[in-house]
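Remarks on the overall topology
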Amino acid sequence: MGRGPGRVKGGKGKRWKKGQSSSSNPVSKSHREAAKGRFFHRTTSGGSGLTEKALKRHNEAVLNTDDVEIQDADKSWDVKSDKTYGTFMSGLSDCTNPTFDRVKTFWDNNSASHKEICAVLAAVTEVIRSKGGSETETEYFAALMTTLDSVDTDDSKAAVLYLLNMVLKRVAPPVLKSRFSSVCKPLLDILAQYSNSAVTPLLRSTLSCLATMLRVQETAVWNEPSTTQVYHGILSFTIHPKPKVRKAAQHAVCAILKGSTFMTQGDPPPFHPAASITAKFCIQQMESSGGTGEAHVPLHVLGLLKDILSVFPQTSLKSTCETILRVLTLSNVLVTSCAMQALHGMFTSRPKSTSLPADMNAQLINALYDYQPSESDVQPTLAWLAVMCKAHCNLQRLDERLCVSHLPRLFATAMKCLASEKREITVGASDTLKELLHECVQPCVERLQMEVKSAPMGALTSAHKMFKSVEGGLAYKYHASWGLVLQLLGVFFDVLGKECPAMMKKCLQSMADLRNTHQFPFIYDLDKALGMAIRSMGPRLVLEAIPLQITGDEDNYDFPRSWLIPVLRDNIRQTELQFFIKFFLPLASKLKTKSLELQQNGKMVESKTYDILQSQLWSLLPGFCNSPTDLVQSFKNIARILGSVLNDRTDLRPDVCAGIRLLISKNLNNEENKAEVGRFAKNFLPILFNIYTTVDTDKKDPTRFTVLETIKMYLLITETKLVNGFLDKVAEKLTKPIVTMPVKHAVMDLCMCMVPYVDLDKLTMVYKTIAPYLQTNDKTMQKKSYRILEEICGSSSEASQKFVEDNLPELQQILVNTLSSSVSSSKAPRLRCLTHLVKRLPEEPTDFAEAIVGEIILCTKEVAIKARQAAFILLVELGNMVIRCSDKTKEECLQDYIQLVSTGLIQSPTMVSATIVALTRLLYEYKDSLPSSLVGELIDSICILLKSRNRDIVKAALGFVKVLIAVLRDVSLAQHLQKLIDSMVTWNNDSKHHFRFKVKQLFGRLMKKFGYDVIYKMVPENYHKMMKNTQKIQERNKKRKAVKEAVKTSEDDDVEETTESKAKLESIEDLLKDTDSEGEDEEEEKPKKRNRVARKQKSAAWLQEDADEEPLDFLDPGVSKRVLATKPNAADADKTKSGVKHDFKMAADGRFIITEGEDEETGKEKGKKRKVSAGIDDLDELMEEPAPAKSSRKRKLEEEDSDDDMPNKYKAGGSGIHRPVKVARKPKDPGTEYRAKKAGGDMKRKDKPDPYAYLPLNFTQLNKRKKVKSAGQWKNIVGAAKKGASIGRKMNAQKRKGRK
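No experiment lies behind these values; they were computed from the predicted model shown.

Now for the overall build of the chain. Tallying secondary structure elements over the chain gives 62 helices and four strands in all. Contacts spanning at least 24 positions in sequence make up 69% of the contacts within the chain whose residues lie at least 6 apart.

Turning next to the packing of helix 9 (residues 200–215) against helix 11 (residues 243–259). Orientation of helix 9 relative to helix 11, taken along the N-to-C sense of each, is 5°, at an axis distance of 9 Å. One way to sum up the angle between helix 9 and helix 11 is to call them roughly parallel. Between helix 9 and helix 11, the contacting residues are Thr200, Leu203, Arg204, Leu207, Ala211, Leu214 and Arg215 on the first element and Lys244, Val245, Ala248, Ala249, Ala252, Ala255, Ile256 and Gly259 on the second. Split by residue class, the contact of helix 9 with helix 11 holds ten nonpolar, two polar and three charged.

It is worth spelling out the side chain of lysine 744 at this point. Among the structural elements, lysine 744 can be located in helix 37 (residues 741–754). Aspartate 778 is the oppositely charged side chain nearest to the buried, salt-bridge-free lysine 744, at an N-O distance of 8.2 Å. The residues contacting lysine 744, other than those within four sequence positions of it, are Lys733, Leu734, Lys736, Val739, Tyr773 and Met781.

Attention shifts here to the pattern of salt bridges. Summed over all chains, the structure comprises 31 salt bridges. Here lysine 784 and aspartate 749 are joined by a salt bridge, their closest N and O atoms 2.7 Å apart. With a gap of 35 residues between them, lysine 784 in helix 39 (residues 779–794) and aspartate 749 in helix 37 connect regions that are remote in the sequence. By relative accessible area, which is 11% here, aspartate 749 ends up buried. A salt bridge links arginine 787 to glutamate 790, with the shortest nitrogen-to-oxygen separation between them at 3.0 Å. On the criterion of helical spacing, the pair formed by arginine 787 and glutamate 790 is a turn pair, its members being three residues apart in helix 39. By relative accessible area, glutamate 790 is classed as buried at 12%.

With respect to the secondary-structure elements, leucine 968 resides in the loop between helix 48 (951–967) and helix 49 (970–974). Leucine 968 sits in the buried class, given a relative accessible area of 9%. Taking the C-alpha atoms as reference points, leucine 968 and leucine 923, 45 residues apart in sequence, are found 9.4 Å from one another. If near-sequence neighbours (up to four positions away) are discounted, leucine 968 is found in contact with Val935, Leu973 and Lys1009.

Further remarks concern the packing of aromatic side chains. Two aromatic rings are characterised by how far apart their centres lie and by the angle between their planes. Scanning the entire structure with this criterion turns up 26 aromatic pairs. Between the aromatic rings of tryptophan 222 and tyrosine 231, the centroid separation amounts to 5.6 Å while the plane-to-plane angle is 75°, which identifies the pairing as edge-to-face. In this structure, tryptophan 222 and tyrosine 231 share a single accessibility class: buried. Ring geometry for phenylalanine 635 versus phenylalanine 680: centroids 5.3 Å apart, planes at 80°, classification edge-to-face.

The next point concerns the nonpolar core. The biggest cluster of nonpolar side chains holds 342 residues, and the ones touching the most others in it are Leu305, Leu496, Met511 and Phe1003. Top contributing element to this core by residue count: helix 48, with twelve residues. Every residue in contact with leucine 305, bar those within four places of it in the chain, is listed here: Cys282, Met286, Phe312, Thr320, Ile324 and Ala342.

Below, the discussion takes up helix 14 (residues 296–308). Within an α-helix, residues lying three or four positions from one another point in the same direction, as the helix has 3.6 residues per turn. For helix 14, spanning 13 residues, the distance from its first C-alpha to its last is 19 Å, which sits close to the expected 18 Å at 1.5 Å a residue. Restricting attention to buried positions, one finds in helix 14 the residues Pro298, Leu299, His300, Val301, Leu302, Leu304, Leu305 and Ile308.

On to a positive patch on the surface, then. Taken together, the side chains of Lys1032, Arg1036, Arg1040 and Lys1044 make up a positively charged region of the molecular surface. For arginine 1040, the location among the structural elements is in helix 54 (residues 1024–1047).

This part covers the side chain of threonine 206. Along the polypeptide, threonine 206 turns up in helix 9. When its relative accessible area of 0% is taken as the criterion, threonine 206 is described as buried. In contact with threonine 206, other than residues within four places in its own chain, are Leu161, Leu187, Ile190 and Leu191.

Phi at glutamate 135 is positive, roughly 60°, even though this residue is not glycine. Tracing the chain through its elements places glutamate 135 in the loop between helix 4 (112–130) and helix 5 (137–150). Phi is positive for glutamine 549, close to 60°, though the residue is something other than glycine. Within the secondary structure, glutamine 549 is located in the loop between helix 26 (539–545) and helix 27 (564–571). Overall, the relative accessible area of 40% leaves glutamine 549 in the partly exposed class.

One can describe the packing of helix 34 (residues 681–693) onto helix 37 by two numbers: an axis separation of 9 Å at closest approach and a directional angle of 140°. With respect to their mutual orientation, helix 34 and helix 37 come out oblique. Contact with helix 34, carried on its side by Phe689, Tyr692 and Thr693, involves Val743, Ala746, Val747, Asp749, Leu750 and Met754 of helix 37 and no other residues of that element. Residue composition of the contact of helix 34 with helix 37, by class: seven nonpolar, one polar and one charged.

Overall, the prediction assigns the chain a mean pLDDT of 80, with 75% of residues at 70 or greater. pLDDT under 50 marks residues 37–48. Its contacts with residues more than four places away, or in other chains, come to ten contacts. Every residue in residues 1130–1141 is under pLDDT 50, and counting partners more than four places away or in other chains gives seven contacts.

Summed over all chains, the structure comprises zero disulfides. The thiol sulfur of cysteine 184 is not disulfide-bonded, and the nearest other cysteine sulfur, from cysteine 209, lies at 9.8 Å. On the basis of relative accessible area, cysteine 184 is assigned to the buried category, the value being 3%. Here cysteine 444 stays unpaired: no disulfide links it, and the sulfur of cysteine 403, its closest cysteine neighbor, is 6.1 Å away.

As for its placement among the helices and strands, lysine 352 is situated in the loop between helix 16 (333–348) and helix 17 (358–368). The class of lysine 352 is partly exposed, set by a relative accessible area of 48%. Residues lysine 352 and phenylalanine 271 lie 81 residues apart in sequence; the distance between their C-alpha atoms is 9.9 Å.

Tracing the backbone through its elements, the reader meets histidine 406 in helix 19 (residues 400–417). It is 7.9 Å that separates the C-alpha atoms of histidine 406 and histidine 392, two residues lying 14 residues apart in sequence. Leaving out residues up to four positions away in the same chain, histidine 406 has contacts with Ala362, Ile365, Asn366, Tyr369, His392 and Leu395.

Criteria and thresholds
Residues numbered from 1 in each chain as written. Predicted model: local features only at pLDDT ≥ 70, side-chain atom pairs only at ≥ 80, totals over all residues. Heavy atoms only, no water. Helix = DSSP H or I, 4+ residues; strand = E, 2+ residues; numbered from the N terminus. Contact = heavy atoms within 4.5 Å. Axes fitted to C-alpha atoms, helices over the stretch in contact; angles between N-to-C directions. Parallel < 35°, antiparallel > 145°, perpendicular 65-115°, else oblique. Nonpolar A, V, L, I, M, F, W, Y, C, P; charged D, E, K, R; others polar. Buried < 20%, exposed > 50% of the residue type's maximum accessible area, 1.4 Å probe, protein only. Lys, Arg positive; Asp, Glu negative; His and termini not counted. Salt bridge = Lys/Arg side-chain N within 4 Å of Asp/Glu carboxyl O. Phe/Tyr/Trp six-rings, centres within 6.5 Å; stacked < 30°, edge-to-face > 60°. Core = buried A, V, L, I, M, F, W, Y, C linked by side-chain atoms within 4.5 Å. Expected span 1.5 Å × (residues − 1). Patch = residues over 30% accessible without salt bridge, like charges linked within 9 Å, V, L, I, M, F, W, Y side chains within 5 Å. Areas by Shrake-Rupley, 256 points an atom, 1.4 Å probe, with all protein chains shown as cover. Charge placed at Lys NZ, Arg CZ, Asp CG, Glu CD. pLDDT = per-residue confidence, 0-100. Disulfide = S-S within 2.5 Å.

This is the structure we're talking about:
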């Protein structure tokens, strides 16, 4: 509804009193009474055709219908009666037919046409009901057709046709078939009558009705002339000048040709009978208007053909395409664009081979070359490329061989576009060729491979021609597009590199030569293209084309192709391992020998260079081990070498271990390869064991962790018998007294790795070996013993499960007995052992639960996060065990378990706080199963503990309240609300101050749950200020969130995910994260962030480099001395480099900031009030006391006097011509003091009048000589005022229009 008037007519400035305009029962009702009178006493002289006379004619017409028998309407219906008008509208509001649900939203719309639709529907519904109808679609169809004959006005006809269009789509097809002639005749008459009128909705609804009638007809009906006449009527409107009418007609044609019943059901014919009629119409229209200057008709026809060209029969399609090609000769930009769109739509729709055979598709491709636009014309060229791309993709679907034969010409043409100066054209051509390679070339790879192999020497196949065209893009004339050309070559290598590598070797050489040129700008694209070649062709073929040029016998040390090694390392995969053995291993060995020789000769730099090169060659090993193709044949040739390298070469261990892990992980599902690698486990595992157990206490080996991971991976494919033997040998070292503790620690790690793969006897032996270490004083041995026990208890192997089942009582006993001797670092594995045991307990062990529950509760306050997580998991598992093993109900079991845990509330403060944390976790886990009485008891206990003087207890209690608010429903929490609030506001002053922010957060959660008013009334008066502030913060956050959501344009699925995430309950980790660390003030968090930034800056490093010296050599052993922890002094560096010290300021990017005269002095004066800047370089200036302020002029004169070399300038003084010259101050413009600083317009000032145009009285305006100047001033003021008033009127009008 529109907004009601805010001002009553007849009185200037008289407004409704505040609140009356929106009141449901205002004092003054004159406007409402007037509106009510106009609404319920509508006169017949209005624009609506719903008159009493028209309704009588409607009732009489309905009585004569054959389809629906409706009794006599009530003749006493009076449209001027309030009561009967309400009955009339009720026909709309309670219409039971779902077809018209959309219409129900129109009744309150301001649009007259919408109101007319609602009125017609209400009247028709009432008539159907009065005749005893059931409001079916058929009844509405008959009633609306009768009403269509009786209405006279255009609006009424449009409303009836709109409703008829809606209901026709739901009427049964047999009814529409039987009434085809009787329905189409009046509709065609309406089209003829209103063809040139401005009633667009009427024509659109009529066209849609005719399309619905034609869609349901049988194939035989289309042979009758009447049906063709109806269809021609629709076709004639496809070129209508009104866009909406034309669009409706085109949509109707598409629906008929593609969506007719016989085309979508059963065995459809190859094409619609009306398709040829449509093609003839389109050809006739384009030919008749093609030669004229008007291009509207061809544009409209081409817009129609874009959607329906693919459903034409072959002859019609050929004729239409020929006409489209002739239209392209008109040289009209818009016609050309629409013609390309029509062809693009046809190829994209993928027509049947019966409509567009492969030879016709090929002919169209050849014909389109004659219409190729200029390479400098962006939009037509892009359109032409898109059409050609889709044409070839469709041809590939129809005939691969024919498509391949046509591709070379398009490749050559598109490559010419890459030489264009237009960036859009080059990118479009590149994208076109990429799509052709993926869509047309890749499916034909096998055909192209056979063609290349069978071709005679020197013959150019289609693949050769295409690649030669792209390779030609490396010529200099394409230098601006080399990046795009290299991307194309990368795609070519990926698609055809594996099948046709021979024709690409020359291109690889050209790319390598480009890579070596000075300052080549596309290094990234070139390396990526070479990487694609390495992946598809393999490193052997690539290195044949681009030799590495590293032999170990070089006289110079330039190594121009060393850049190729990182490219190989990043892209080698799924290739021959034998190539690494034959090529890279000998070369690496030779380079290492060369390095040692140079080192003996004292050439350290050259020695280090060769050493780095050989290590880079070894870094290629993991790539060769990534799914090698010849693992079974080649691994035996390199296994011995890898073992010796592991033993002797510490620097190469990470690469060798990574290669072994990849060999195993990539072949776990390949039994043959897995067996081949596993065959050498007896050789590799002892070497790895020896490396890991060789511990150097003076120097830590960074490769030990890599070795341990390799051992774990190798044990996956090792036989159990072999692992048992290894375990016996390893365990012997634990019993020998001569073995040092670091070695024993390493041995424990090895035992831990082998436990899941040994049999039951070995598990028993390991258990007996580690049992004494569970009570040792060595923290590391104790922790590792628990880790081994955890592996035994948690392993899924049959031996481990059998061992735990047989020794369960003994394991419980030993874990209970070792409680007192367990150290903090062993808590996490110990708790995980208990968790595994609790899961396997067959019955409820009350004694065992009571023995371990205290330890679990205390571990919830452990410093280590893993220990806390393990304690929470065990706490829940113990509760689940109590429920599982008991015969009581779940609620009774939980009550007993909670009581068991609650015994910690009467012990030490540390135990009390830990117990509260444990109860909090249980509350979160079993929130839906705890009895209400138990929850009440817990709340009572927490309320008492909130008044404790111990901060740990209070903090834990606040965490419990936070979880309580989050998990309990409003109804359950409401009965304890007053009690909780009283507990949170009545405590000692120390706790009140320390936890004030936590309490504020809790009150904020309560306000979200119960509302601000409820919580505000429950808190004491001294908390009201905090409550108001909390509400203000929440409202501010809501507004910010709403703004962010409004700015962010997310899709529907993203919105659904966001809604689900909001409704999801917070995790226990999120709720308890504040209780695990001390709560700090918000102000205290800011310095922490700054400290973190400062720490990052402190951790940075700088290199000191002098201009006088040689460039910094990173291979120099003394380079570490040049690494500084602090940034070198910028001023000293500048002085050292240039030898001249200057006083100019310098920007961050190195530019000098030079200011002149007064600006510089003014800047200095402004800077005196600030702190000492960090940009001051001299220590004397930092230590100098601030001097008294001087004027810039005086200071300037003093500086000039102090300069002995410069002559003294003249100083003004005295009288006459020697008087001091003062610069006259420019008077301020009137009103400048009211001017806003950050916005347009004026603003009020304190103790000053309102900011209107006050003009000062100036006696100089009385001077006759200045009369013209004064008049001009007043003229400008009046003109500005008029301009401002005009702008104000326009803005007010826009505001009023927006409110409407």
